[in-house]
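A closer look at the structure
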Amino acid sequence: MFKKTLIPIGLIVFSTPVWADDIQYDLQVDGITCPFCVATSEKALRKTDGVKFVSADLDSGIISVCAEEQVEFTDEQLTELFLDKGFTYRSMSKLNQCTISE
Amino acid sequence: MYSALRALTIPTIVGLSFLMPFSAAFAAAITFNTALPVSKGELIFREQITVTRSSDTFSGISRDATTVKSISVLGFGPTRKLAVFGILPIVNIERDIGGIKSDASGLGDATLFVRFETYRNDSPGRTVRIAPFAGLIVPTGREGQTGDGSLDVFGGLIFTAATINWVFDSQVKYIINSEANGFQRGDSASVDASLQYRLFSDRDFAKIDRYIYGVIEANLTYFDNNELAGFVDPNSGGTQIWISPGIQFAAKRWIAETAIRIPVVNNLNGSTLEQDYSFVVSLRFNF
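This is a predicted model, so every value here is computed, not measured. (Residues numbered from 1 in each chain as written. Chains lettered and ligands numbered in written order. Predicted model: local features only at pLDDT ≥ 70, side-chain atom pairs only at ≥ 80, totals over all residues. Heavy atoms only, no water.)

Here we look at the nonpolar core
Nonpolar side chains tend toward joint burial in soluble globular proteins. A:L27, A:L45, A:I63, A:V65 and A:F82 are the most contacted members of the largest nonpolar core, which has 54 residues in total. Residue contributions to this core peak at 5 residues, all from helix α2 (residues 35-46) of chain A. Discounting residues that sit within four places of it in the chain, A:V65 has contacts with A:I23, A:Q24, A:Y25, A:L27, A:L45, A:V51, A:F53, A:V54, A:F73 and A:I100. Core analysis: the second largest hydrophobic core is formed by 7 residues, B:V128, B:F159, B:A161 and B:W166 among them. (Core = buried A, V, L, I, M, F, W, Y, C linked by side-chain atoms within 4.5 Å. Buried < 20%, exposed > 50% of the residue type's maximum accessible area, 1.4 Å probe, protein only. Helix = DSSP H or I, 4+ residues; strand = E, 2+ residues; numbered from the N terminus. Contact = heavy atoms within 4.5 Å.)

Structure follows, in structure tokens:
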């Protein structure tokens, strides 16, 4: 009886909660050359619900966005977003997990 | 009226522009404000302090002047291509002419201008942009002391090119000054260029969110003679070329920068007081 009670409690206490998986978008953006450019792009991307953090590699011109699973970017949306910030969006690739950290 | 424009011949403009390698948009020049970057819906604020020292001896009389300006610049991007700017200086001038001292301080003449991007070519890690601009210099200063009392207009063109390792900004600008109470400052034409070169790019302290730029700028200005009660003032106008080495520390949301402006050509007419140097320090924020 004791064993039967303890095992489920132990499982609950020591198990790691599982949330929706994070995904990562790698965005190829042209014209980004400086910390200012990264900051203004980050600010715009973070306004999207579900975006957790953003990282940029200026050498490759890739902005990586770690977001909750339900976040769906479209080419049209990103084209407009980056035009507003003064840059040119080219393409994106989607990964099923985040490889970047804040 | 347009002789200032004639003085800036095409070879001069082209020559000065190519003194520095091609250039860009984002760290932006220290000695001129027209290239400040601002995105749609965002604000940029720059606070700049300049100290200019002038001295010489004319007909055995020593003359010197120290001008301190606190210049506030606010820019906003209402659309993707359009940016509007306001510049408000506070001026203090101290003069000593043959032992007779005088000073003036207060609001200087404000500047309002718009810039419209007409060309942009982005590629990975680089960009080239061209934007004409036009504006007004409003007589908010005290006439004859911290301002010249007239409503003046200006226009020009900004060319900017940037990579992740360097930025180049250049502008041509023409100011048409109008007359107020018998005094008309001469028109002026200028060509300015700024190269910002990224330093320590392989070091951790100067990566991604904080860049350090070494800066070299050149400014060529031709001033037409002033007119007083319809008569040309022979002790006004001329040509100046300044070289300004400086440094910028660029973080994601702010830039600190400083430069010293050194006149390498001070070809001013008559007894016009010549400037010795000018020191600039400024802080810039993006919101």
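We are not done yet, so read on.
Some words on the sheet that holds strand β14 (residues 227-228) of chain B
Residues and elements named next belong to chain B. Taken in spatial order, the 4 strands of this open sheet run β10-β11-β14-β15, and their pairing is antiparallel. Looking at which strands have only one partner, the edges of the open sheet turn out to be β10 (179-180) and β15 (231-232). Here β14 pairs with β15 via 2 bridges, running antiparallel. Looking at the pairing, L228 lines up with F231 of β15. (Pairing = 2+ DSSP bridges.)

Details of the side chain of B:D192
Residues and elements named next belong to chain B. Relative to the helices and strands, D192 resides in strand β12 (residues 188-199). The buried charged residue D192 lacks any salt bridge partner; its closest oppositely charged side chain belongs to R261, at an N-O distance of 5.9 Å. Among the polar contacts made by the side chain of D192, one reaches the side chain of Q171 at a distance of 2.7 Å. The contacts of D192, once residues within four sequence positions are left out, are F32, D169, S170, Q171, A218, N219 and L220. (Lys, Arg positive; Asp, Glu negative; His and termini not counted. Salt bridge = Lys/Arg side-chain N within 4 Å of Asp/Glu carboxyl O. Polar contact = N/O pair within 3.5 Å; in protein donor to acceptor, adjacent residues only side chain to side chain.)

Regarding the pairing of strand β3 (residues 62-68) of chain A
Residue and element names in this part refer to chain A. Counting buried positions over the 7 residues of β3 gives 5, a clear majority of the element. Pairing analysis gives 7 bridges linking strand β1 (residues 22-30) to β3, with the strands arranged antiparallel. Directly across from Y25, in β3, lies its bridge partner V65. Counting the residues in the hairpin turn of strand β2 (residues 51-57) and β3 gives 4 residues, including G61, whose phi is positive at 75 degrees.

Digging into the pairing of strand β3 (residues 82-97) of chain B
Residue and element names in this part refer to chain B. As judged from the 14 bridges shared by strand β2 (residues 61-76) and β3, these two strands associate in the antiparallel manner. When the bridges of β3 are listed, V68 appears paired with N92. Hairpin remark: β2 followed by β3, antiparallel, with 5 residues in the connecting loop. Inspection of the sheet shows β3 paired to strand β5 (residues 110-116) by 6 bridges, in the antiparallel sense. Bridge pairing in β5 places F85 opposite F113.

Examining the interface of chain A and chain B
On the side of chain B, 32 residues touch chain A, which itself brings 25 residues to the contact. A combined buried area of about 2,300 Å² lies between chain A and chain B, and 52% of that area is made up of carbon and sulfur atoms. Of all residues in chain A, A:T33, A:P35 and A:F36 bury the most surface against chain B, accounting for 31% of the area lost on that side. For the pair chain A and chain B, the number of links is 4 salt bridges. The salt bridge involving B:R80 is made with A:D84; its shortest N-O contact spans 2.6 Å. (Buried area = accessible area lost by both parts, 1.4 Å probe.)

Comments concerning the state of the cysteines
All names here are of chain A. Under the criterion given, the structure shown has 1 disulfide over all chains. Covalent S-S linkage joins C66 and C98, the inter-sulfur distance amounting to 1.8 Å. With the S-S bond torsion at 115 degrees, the cross-link from C66 to C98 turns out right-handed. In this pair, C66 sits in strand β3 while C98 sits in the segment after β4 (88-95), placing the two residues 32 residues apart along the sequence. (Disulfide = S-S within 2.5 Å.)

Let's talk about α2(A)
Residue and element names in this part refer to chain A. Over its 12 residues, α2 runs 16 Å from end to end, which matches the ideal 16 Å to within 8%, given 1.5 Å per residue. Counting buried positions along α2 gives 10 out of 12 residues, so the element sits mostly inside the fold. Residues of α2 that are buried: P35, F36, C37, V38, A39, T40, S41, E42, A44 and L45. (Expected span 1.5 Å × (residues − 1).)

With respect to the environment of B:P37
All names here are of chain B. Among the secondary structure elements, P37 is positioned in the loop between α2 (10-17) and β1 (43-58). By relative accessible area, P37 is classed as buried at 9%. Measuring from C-alpha to C-alpha, the distance between P37 and Q171 comes to 14 Å, with 134 residues separating the pair along the chain.

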